[in-house]
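# Inside the fold
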Amino acid sequence: MKSKWIFKQLTPQLPSFFSSLLSPFKPQKLYRFPVSDPPKLVLNHIDISLLLSISGKQGYFLLGSSIHASLVKNPEIFNPNEDFKDSNNALVVWNSLLGMYSKCGSLTDLTKLFDEMPIRDTISWNTMLSGFLRNREFDKGFSYFKQMRKSGFCWFDQATLTTILSACDGVEFYYVNKMMHGVVFFFGYEREISVGNALITSYLKCGCLNSGRQVFDEMFERNVITWTAMISGLVQNELYEESLELFNKMCLGSVCPNSLTYLSSLMACSGLQALKEGRQIHGLLWKLGIQSEVCIESSLMDMYSKCGNLNDAWQIFESAQDLDEISMTVILVGLAQNGFEDEAKQFFVKIFKSGIEIDPNMLSAVLGVFGEDTSFGLGKQIHSLSIKRSFGRNSYVSNGLINMYSRCGDLEESVKVFSRMSQRNSISWNSMIAAFARHGDGCRALQLYKEMRSEGIEPTDVTFLSLLHACSHVGLVEKGMEIFKSMTDVHGIIPRAEHYACVVDMLGRAGLLKEAKTIVEGLPTKPDVLIWQALLGACSIHGDSEMGKYAADQLLLETPESPVPYISMANIYSSKGKWKERARTIKRMKEMAVAKETGISWIEIEKNVHSFVVQDRMHPQAEAIYSILEELFGAMLDEGYVPDRSFILSYTDTKIERDARQFASV
């Protein structure tokens, strides 16, 4: 087979960027063979190496293996001979083939080719290391490192060390990183900037902050990659303040930040919700003229959204010249996180109708805005879209569907989505446990937790929140306290205020108000709003006005503008028939100019959500609705229904409310 024919045959399938490789070649760079043979045209080692490199980067395995086959049938360029220059050229081709198989993930072909190589150099060994480590074949990869050292012909270099360190990016590689750090010092590579950068990155990725910072502080020379690695590593470990401090220090020095440095600093501002610092960085980006880079714009939108300044985020979005899926997802999440759920759904529908490619991240983002007041029909349509686009295997989409269905009231559909998942992560299990807890099915929530542990999935703090919530609603106090204790003793998770609030709620619902108060008074930190709300809510359930007054007073100190203490105490006084105390509470609330949040009810009919508030007369069918309500309420009274006095806060003159007060006073 002639090489020229191979490349002509491949031309229709080649991407456009290969065109330069197929342009007329310079005569002096070609191998020519005797005239007696059929005319052949073979690329030289540089062109072949470039072509194999592109094939590996783009994952064109078929093209790369075809080139390999052509080289085998044209051994003139492939096999080394006594000429030193030709041997080196052949080795370049061999190494390029190794690189192609390595990047395409074909480890079998990689190993076979390596074993057949007549000569090897350090690049050959490094390529083998990279191939196996990149594909998470760590035992095999490290065995090649040992063979390389024992071979005696090749010695590892800084590229070898950076290859190994870049693969050791998890907590489980802590001791490997320590060992490689020792190798770096023992063989005198501590002054190499690239090795130091790789050490910083690997340490920070496995959570070894002190070690990473020590390497950074002890480096003889630092470049922009060094600073960026340290800043981004601190951000990844949620040390946002330290990250910004280091960024400021860098700006005062001689090394100028690059786009990645600015991206990391913007992420730190997002984590801290530091709007002022974010604006300052935005100003620097304007001065440098790089504010319009797509990744920078997405990061700026994310920063402004998380700082609660959606107007600026939207302005950047509208003024952007180039938008990608990440930009769309960022603004979608920004709308949802800032309370614009309806706008987020409308934005998603607009994206879809405009023909923009929908990716799994967009679906996951829009599914997050669904709640009890959301159109269930739209949620089902999004589920159908995920099936049509083959996103069923994406865990983020599936997790979003589980939450969407459970929030919209369809628990069994959540169960179906969960059961069909081929791969489940901790979020999947947490979402399903939370779904059972949300629907008051504590037994199934606890059973699923057992299955989760049997699968070897470690629980998170979110898992325990859902479990405590489930135990609270079904009255499993002993089981709940056992789970709460195991959170710290077994799993080493420090409870947050939300966990303590769940425990207080659980004890309070069971009537153990004194025990709940003891928990509150014995907290390691000052009780916050969630804790006092939980205790006050428990007092409302059991009508304990004395302890309720205590919890309400504490809650007022934390949030004086909140209507919750007033409304809860009014409910407690109403349940006990203490109408004067109730009247004083409502009067006090009005004097403090605290407005009660309007309660809303809703129902979805034919894909339209109808919302109602108390005494609502705005609906076009209001009269008919009230007429039917009066009939239903009369039927309920005839069946023996007794209204709950604790929720009679409004003394208006409708027939329903007059009947309710009449029965409540009995």
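Residues numbered from 1 in each chain as written. Predicted model: local features only at pLDDT ≥ 70, side-chain atom pairs only at ≥ 80, totals over all residues. Heavy atoms only, no water.

## Observations regarding the overall build of the protein chain
Regarding its fold elements, the protein chain presents 36 helices and 2 strands. For the protein chain, with 666 residues in total, the buried portion stands at 46%. Taking contacts inside the protein chain between residues at least 6 apart in sequence as the whole, the part at least 24 apart equals 58%. Accessible surface, the protein chain: about 35,800 Å² in total, of which carbon and sulfur atoms supply 54%. (Helix = DSSP H or I, 4+ residues; strand = E, 2+ residues; numbered from the N terminus. Buried < 20%, exposed > 50% of the residue type's maximum accessible area, 1.4 Å probe, protein only. Contact = heavy atoms within 4.5 Å. Areas by Shrake-Rupley, 256 points an atom, 1.4 Å probe, with all protein chains shown as cover.)

## Regarding the side chain of asparagine 309
Inspection of the secondary structure puts asparagine 309 in the loop between helix H17 (294-306) and helix H18 (310-319). With a relative accessible area of 16%, asparagine 309 lands in the buried category. Separated by 3.2 Å, the side chains of asparagine 309 and aspartate 312 make a polar contact. (Polar contact = N/O pair within 3.5 Å; in protein donor to acceptor, adjacent residues only side chain to side chain.)

## Some points on the environment of glycine 508
Locating glycine 508 in the fold gives a position in helix H29 (residues 497-509). Judged by its relative accessible area of 0%, glycine 508 falls in the buried class. Taking the C-alpha atoms as reference points, glycine 508 and glycine 537, 29 residues apart in sequence, are found 8.0 Å from one another. Apart from the residues lying within four places of it in its own chain, the contact partners of glycine 508 are Leu513, Ala516, Ala538 and His542.

## Structural notes on the packing of aromatic side chains
Within the structure shown, the criterion is met by 21 aromatic pairs. Their ring planes at 55° and their centres at 5.7 Å tell us that phenylalanine 145 and phenylalanine 156 sit as a pair that is tilted. Here phenylalanine 156 lies in the loop between helix H8 (138-151) and helix H9 (158-167) and phenylalanine 145 lies in helix H8, a separation of 11 residues in the sequence. The same class applies to phenylalanine 145 and to phenylalanine 156, which are both buried. The interplanar angle of 80° and the centroid separation of 5.2 Å between the aromatic rings of phenylalanine 418 and tryptophan 429 together place this pair among those described as edge-to-face. Taken together, the positions of phenylalanine 418 in helix H24 (residues 411-420) and tryptophan 429 in helix H25 (residues 426-438) put the pair 11 residues apart, joining distant regions of the chain. No difference in accessibility class separates phenylalanine 418 from tryptophan 429, as the two residues are buried. Among the aromatic side chains, those forming a connected cluster through ring pairs are Phe145, Phe156, Phe186, Phe187 and Tyr189. (Phe/Tyr/Trp six-rings, centres within 6.5 Å; stacked < 30°, edge-to-face > 60°.)

## Digging into the packing of helix H13 (residues 224-236) against helix H15 (residues 259-272)
Following both chains from N to C, one finds H13 and H15 inclined at 20°, their axes separated by 9 Å at the closest point. Judged on the interaxial angle alone, H15 and H13 are roughly parallel. The handedness of the crossing between H13 and H15 is left-handed. Contact residues: H13 offers Val224, Thr228, Ile231, Ser232 and Val235, while H15 offers Leu260, Thr261, Ser264, Met267 and Ala268. (Axes fitted to C-alpha atoms, helices over the stretch in contact; angles between N-to-C directions. Parallel < 35°, antiparallel > 145°, perpendicular 65-115°, else oblique. Left-handed = near helix turned anticlockwise from the far one by under 90°.)

## Comments concerning the pattern of salt bridges
Across all of its chains, the model carries 17 salt bridges by this definition. Here arginine 389 makes a salt bridge to glutamate 357, at a shortest N to O gap of 4.0 Å. In this pair, arginine 389 sits in the loop between helix H22 (376-388) and helix H23 (395-407) while glutamate 357 sits in the loop between helix H20 (341-353) and helix H21 (360-367), placing the two residues 32 residues apart along the sequence. For glutamate 413, the salt bridge goes to lysine 416, with nearest N and O atoms at 4.0 Å. (Salt bridge = Lys/Arg side-chain N within 4 Å of Asp/Glu carboxyl O.)

## Re a nonpolar patch on the surface
A cluster of nonpolar side chains, contributed by Ile625, Ile628, Leu629 and Leu632, occupies part of the molecular surface with about 330 Å² of accessible area. When you line up the elements, isoleucine 625 lands in helix H35 (residues 622-638). When its relative accessible area of 30% is taken as the criterion, isoleucine 625 is described as partly exposed. (Patch = residues over 30% accessible without salt bridge, like charges linked within 9 Å, V, L, I, M, F, W, Y side chains within 5 Å.)

## Quick notes on H18
Listed in full, the buried residues belonging to H18 are Leu310, Asp312, Ala313, Ile316 and Phe317. Buried residues in H18, looked at end-on, bunch into an arc of 165°, giving them a common side. In H18, the exposed positions angled more than 90 degrees off the buried face are occupied by Asn311, Gln315, Glu318 and Ser319. (Arc of directions from axis to C-beta.)

## A short note on H15
Compared with the 20 Å implied by 1.5 Å per residue over 14 residues, the 20 Å span of H15 between its first and last C-alpha is a close match. Three or more residues of H15 are buried, namely Thr261, Tyr262, Leu263, Ser264, Ser265, Leu266, Ala268, Cys269 and Ser270. Against H13, helix H14 (240-251), helix H16 (275-288) and H17 lie the buried residues of H15. Of the residues flanking the start of H15, the one acting as N-cap is asparagine 258, its side-chain oxygen 3.1 Å from the backbone nitrogen of leucine 260. (Expected span 1.5 Å × (residues − 1).)

## Topic: the environment of leucine 448
With respect to the secondary-structure elements, leucine 448 resides in helix H26 (residues 442-454). A C-alpha to C-alpha distance of 7.9 Å links leucine 448 and tryptophan 429, two positions 19 residues apart in sequence. If we ignore the near neighbours within four places in the chain, the residues touching leucine 448 are Phe418, Trp429, Met432, Ile433 and Phe436.

## Some thoughts on the packing of H14 against H15
Between two packed helices, both the angle of their axes relative to each other and the distance between the axes serve to describe the pair. Packing of H14 against H15 brings their axes to within 9 Å, and their N-to-C directions diverge by 140°. At the point where H14 passes H15, the crossing takes the left-handed sense. Contact residues: H14 offers Tyr240, Glu241, Ser243, Leu244, Phe247 and Met250, while H15 offers Thr261, Tyr262, Ser265, Met267, Ala268, Cys269, Gly271 and Leu272. Of the residues that constitute the contact of H14 with H15, the class distribution is 9 nonpolar, 4 polar and 1 charged. (Nonpolar A, V, L, I, M, F, W, Y, C, P; charged D, E, K, R; others polar.)

## Focus on the state of the cysteines
What the rule picks out here adds up to 0 disulfides. Summary of cysteine pairing: cysteine 168 is not part of a disulfide, and the nearest cysteine sulfur, belonging to cysteine 206, is at 8.8 Å. Residue cysteine 168 is classed as buried on the basis of its relative accessible area, which comes to 1%. The cysteine cysteine 307 is free of any disulfide, with cysteine 269 supplying the nearest cysteine sulfur at 7.0 Å. Residue cysteine 307 is classed as buried on the basis of its relative accessible area of 18%. (Disulfide = S-S within 2.5 Å.)

## Observations regarding the environment of aspartate 441
Assignment of secondary structure puts aspartate 441 in the loop between H25 and H26. Residue aspartate 441 is classed as partly exposed on the basis of its relative accessible area of 22%. As for aspartate 441 and valine 474, which are separated by 33 residues in sequence, their C-alpha atoms are 7.6 Å apart. Among the polar contacts made by the side chain of aspartate 441, one reaches the main-chain amide nitrogen of arginine 444 at a distance of 3.4 Å.

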